[in-house]
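What the coordinates show
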Amino acid sequence: MIHARYFPISKALKLAVVASRQPLSLKSSFKCASRKITMENGHKSDSRGALIVLEGLDRSGKTSQSSRLISYLEGLGHSVESWRFPDRNTGVGQMISSYLTNKSQLDDHAIHLLFSANRWEKRSLMEAKLRSGTTLIVDRYSFSGVAFSSAKGLDMEWCKAPEMGLLAPDMVLYLDIPPEKAAERGGYGGERYEQLEFQRKVAHSYQLLHDASWKSIDASLPMEDVEKKLKEMVLDCVTTCQKGKALSNLWSS
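Scope of this entry: the structure provided in the associated data block. (Residues numbered from 1 in each chain as written. Predicted model: local features only at pLDDT ≥ 70, side-chain atom pairs only at ≥ 80, totals over all residues. Heavy atoms only, no water.)

**Structural notes on the pattern of salt bridges**
Within this structure, the stated rule accounts for 16 salt bridges. Notably, a salt bridge pairs Glu-180 with Arg-200, separated by 2.9 Å at the nearest N-O pair. Taken together, the residues span a long stretch of sequence, with Glu-180 in helix α9 (residues 179-183) and Arg-200 in helix α10 (residues 196-209) at a distance of 20 residues. Accessibility expressed as a relative area gives 34% for Glu-180, which makes it partly exposed. Taken together, the salt bridges that share partners define one network made up of Arg-48, Asp-170 and Lys-245. (Salt bridge = Lys/Arg side-chain N within 4 Å of Asp/Glu carboxyl O. Helix = DSSP H or I, 4+ residues; strand = E, 2+ residues; numbered from the N terminus. Buried < 20%, exposed > 50% of the residue type's maximum accessible area, 1.4 Å probe, protein only.)

Take a look at the structure:
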């Protein structure tokens, strides 16, 4: 049961519900809107930090590799921060945590909108960090929300709708591992979604989300081999953003 100290669910859902309806009620506005976010001084290509997202099934190694990437980039003198979603420290995040640990029950649509609202809570800060030159290594993002909810049977386009307007990653690093292999790793099964058959459905949904920004890495390889591949990809992405690359919105086209 969700305790009263949590942020009221009606308020938490309000933002997400409005966001989910925008592509329907403001369809023409989205088409006309600029696909690039313009800098305040009128330039679109000033140096900035990179938005790099790690995605994959549960127990694919995202958290461990995120930590190693942070250490690597810090060692090279880059300004970098580690983020993860859901952010369980916010009011919305506490409600999500209660759900994931099986302490509360919510409708599938409602929990999806809460996950989306949790990302929107951090959207302004995310942009400010990137513009200040800080690279963000993010453990899960909108793709997880869409993959997991669509694996439950929700319409994928409906799942994408409340995510539109969030920042698009410069690179998505997908740690590809067979669900059966992931299930063999320590700690598996501790949360609601860590069920083998469900993870197979999630893996299928992820495949439908791949685009040009995605890089797939075989996460069943030894950790050091995965780390080496990730370092090369990440450093190239960070360098590109430092040279100048405009921010864009997720699924804006």
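Now that the structure is up, let's keep going.
**Concerning the packing of aromatic side chains**
This model, assessed by the stated rule, comprises 12 aromatic pairs. For the pair Phe-85 and Tyr-141, a centre-to-centre distance of 6.0 Å together with 45° between the ring planes defines the contact as tilted. Placement of Phe-85 in the loop between β3 (80-84) and α4 (91-100) and of Tyr-141 in the loop between β4 (135-139) and α7 (142-151) is noted, with a sequence separation of 56 residues between them. Overall, Tyr-141 belongs to the buried group, its relative accessible area being 1%. Judged by centre distance (6.2 Å) and plane angle (65°), the ring pair of Tyr-206 and Trp-214 falls under edge-to-face. Each member of the aromatic cluster is reached from another via a ring pair, and the members are Trp-83, Phe-85, Tyr-141, Phe-143, Tyr-174, Tyr-206, Trp-214 and Trp-251. Against the face of Trp-83 rests Lys-122, its NZ or CZ located 4.4 Å from the ring centre. (Phe/Tyr/Trp six-rings, centres within 6.5 Å; stacked < 30°, edge-to-face > 60°. Lys NZ or Arg CZ within 6 Å of the ring centre and 35° of its normal.)

**Here's the deal with the nonpolar core**
Counting 44 residues, the largest nonpolar core has Met-126, Tyr-141, Phe-143 and Tyr-206 as the members making the most contacts within it. Apart from residues no more than four positions distant in its own chain, Met-126 is found in contact with Leu-51, Trp-83, Phe-85, Leu-136, Tyr-141 and Leu-167. Grouped together as the second largest cluster of nonpolar side chains are 21 residues, Leu-54, Ile-137, Met-171 and Ala-219 included. (Core = buried A, V, L, I, M, F, W, Y, C linked by side-chain atoms within 4.5 Å. Contact = heavy atoms within 4.5 Å.)

**Quick look at the sheet that holds strand β5 (residues 171-176)**
In spatial order, the strands read β3-β4-β2-β5-β6; together these five strands make up an open sheet with parallel pairing. This sheet does not close on itself; its edge strands, each paired only once, are β3 and β6 (214-218). Within this sheet the neighbouring strands show an average axis-to-axis angle of 20°, counted without direction. Bridge count for β3 against β4 is five bridges, and the pairing is parallel. The residue bridging Glu-81 from the neighbouring strand is Leu-136, located in β4. On the sheet, α10 packs against β2 (51-56), β5 and β6 and is oriented at approximately 150° with respect to β5. (Pairing = 2+ DSSP bridges. Axes fitted to C-alpha atoms, helices over the stretch in contact; angles between N-to-C directions.)

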